[in-house]
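Close look at the chain arrangement
Given next are the chains, with one letter for each unit.
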Amino acid sequence: SHSFLINVGVRKEFGIPLFWKKERFPTIRFIAFIDHNGSNKQDVGEVSLENVVVKFGECETLTNEKGMVTFRNVFGDSTYTISAFSLVDLNGYFPNIPATITAIKDSTMFVPFVKGVKIHGNVFLDREKITPGVEKPIDLTGIKITAINSKAVNTLTDGKGDFSFYVPFGKY
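None of the values given here were measured: they were computed from a predicted structure. (Residues numbered from 1 in each chain as written. Predicted model: local features only at pLDDT ≥ 70, side-chain atom pairs only at ≥ 80, totals over all residues. Heavy atoms only, no water.)

**Remarks on unusual backbone geometry**
In this structure, Asn40 takes a positive phi of about 65 degrees despite not being glycine. Residue placement: Asn40 occurs in the loop between β1 (28–34) and β2 (52–56). Judged by relative accessible area, which is 34%, Asn40 ranks as partly exposed. Its identity is not glycine, yet Asn51 carries a phi of approximately 65 degrees, on the positive side. By the secondary structure assignment, Asn51 is in the loop between β1 and β2. Given the relative accessible area of 29%, Asn51 is considered partly exposed. (Helix = DSSP H or I, 4+ residues; strand = E, 2+ residues; numbered from the N terminus. Buried < 20%, exposed > 50% of the residue type's maximum accessible area, 1.4 Å probe, protein only.)

**Brief notes about the side chain of Glu46**
With respect to the helices and strands, Glu46 occurs in the loop between β1 and β2. Buried within the structure, Glu46 lacks any salt-bridge partner; its nearest side chain of opposite charge belongs to Lys41, at an N-O separation of 11 Å. Excluding anything up to four places from it in sequence, Glu46 contacts Phe33, Ile34, Asp35, His36, Asn37 and Lys41. (Lys, Arg positive; Asp, Glu negative; His and termini not counted. Salt bridge = Lys/Arg side-chain N within 4 Å of Asp/Glu carboxyl O. Contact = heavy atoms within 4.5 Å.)

**As for the pairing of strand β3 (residues 59–62)**
Relative to β3, β2 is paired through 4 bridges, and the arrangement is antiparallel. The residue of β3 that forms the bridge with Lys55 is Glu60. Between the end of β2 and the start of β3, which pair antiparallel, lie 2 residues, with Gly57 showing a positive phi angle near 70 degrees. (Pairing = 2+ DSSP bridges.)

**Here's the deal with the sheet that holds β1**
Taken together, the 4 strands give an open sheet; going across it, the order is β4-β1-β8-β6, and neighbouring strands pair in mixed fashion. Of all strands in the sheet, those with a lone pairing partner are β4 (68–71) and β6 (93–95), marking the two edges. Within this sheet the neighbouring strands show an average axis-to-axis angle of 25 degrees, counted without direction. As judged from the 3 bridges shared by β6 and strand β8 (residues 107–115), these two strands associate in the antiparallel manner. Within the sheet, the bridge partner assigned to Phe94 lies in β8 and is Val114. (Axes fitted to C-alpha atoms, helices over the stretch in contact; angles between N-to-C directions.)

**So, the sheet that holds β2**
One open sheet holds the 4 strands; their spatial order is β3-β2-β5-β7, and the pairing between them is antiparallel. In this open sheet, the two strands that pair with only one neighbour each are β3 and β7 (100–102). Averaged over all neighbouring strand pairs, the angle between strand axes comes to 30 degrees, with direction disregarded. Of the strand pairs in this sheet, strand β5 (residues 79–86) and β7 are connected by 3 bridges, and their pairing is antiparallel. Of the residues in β7, the one forming a bridge with Tyr80 is Ile101.

**Some thoughts on the side chain of Thr63**
Considering the arrangement of structural elements, one finds Thr63 in the loop between β3 and β4. Within the local environment of Thr63, its side chain forms a polar contact with the backbone oxygen of Leu49, the two atoms lying 2.9 Å apart. In terms of polar contacts, Thr63 uses its side chain to reach the backbone amide nitrogen of Asn51, at 3.1 Å. In this structure, Thr63 is in contact with Ala32, Leu49, Glu50, Asn51, Val52, Val54, Met68 and Val69, ignoring residues within four places of it in sequence. (Polar contact = N/O pair within 3.5 Å; in protein donor to acceptor, adjacent residues only side chain to side chain.)

**Some remarks on the packing of aromatic side chains**
Under the criterion given, the structure shown has 6 aromatic pairs. Ring plane angle 80 degrees and centroid distance 5.9 Å describe the contact between Phe30 and Phe71, whose orientation is recorded as edge-to-face. Placement of Phe30 in strand β1 and of Phe71 in strand β4 is noted, with a sequence separation of 41 residues between them. Both residues of the pair, Phe30 and Phe71, belong to the buried class. Ring geometry for Phe56 versus Phe71: centroids 5.2 Å apart, planes at 35 degrees, classification tilted. With a gap of 15 residues between them, Phe56 in strand β2 and Phe71 in strand β4 connect regions that are remote in the sequence. Taking the relative accessible area as the measure of exposure, Phe56 reaches 4% and is therefore buried. Aromatic ring contacts, followed pair by pair, group Phe30, Phe56, Phe71 and Tyr80 into a single cluster. (Phe/Tyr/Trp six-rings, centres within 6.5 Å; stacked < 30°, edge-to-face > 60°.)

See the structure below:
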């Protein structure tokens, strides 16, 4: 005789807001959007971005359909690391945010995505003409190319040493 048993469970928690209860710690709200004019503020006509992962300190959350994400019970006047990336390919748009921010009580901060710059180039090997075996081509695949300002952006070369990638606007 054989027996087979499958158990399935579903759990849903409901939170009932208590409007008369004051929060002890501030709430920080982030809004992710495409910033066409580079103002770092959402203007009329600039599209909000859904499915952007915002990492604030050690917490990560996805933006909703309005491009908004809220972190509650944040310690005020504390400095946090912040990063963001989209789960959807934005065709060369990058978040233009600082690496750290200071939490201000009940504030809204913007996560603007700006158009990046395409960098392309070539790695070549300058070899001595008198070296034996100089006629043999060398495979230049997989050489790591890095552009660094406050953050590092990486890419790899192809077999000919060519590379191209988008980076956020700035000095590298």
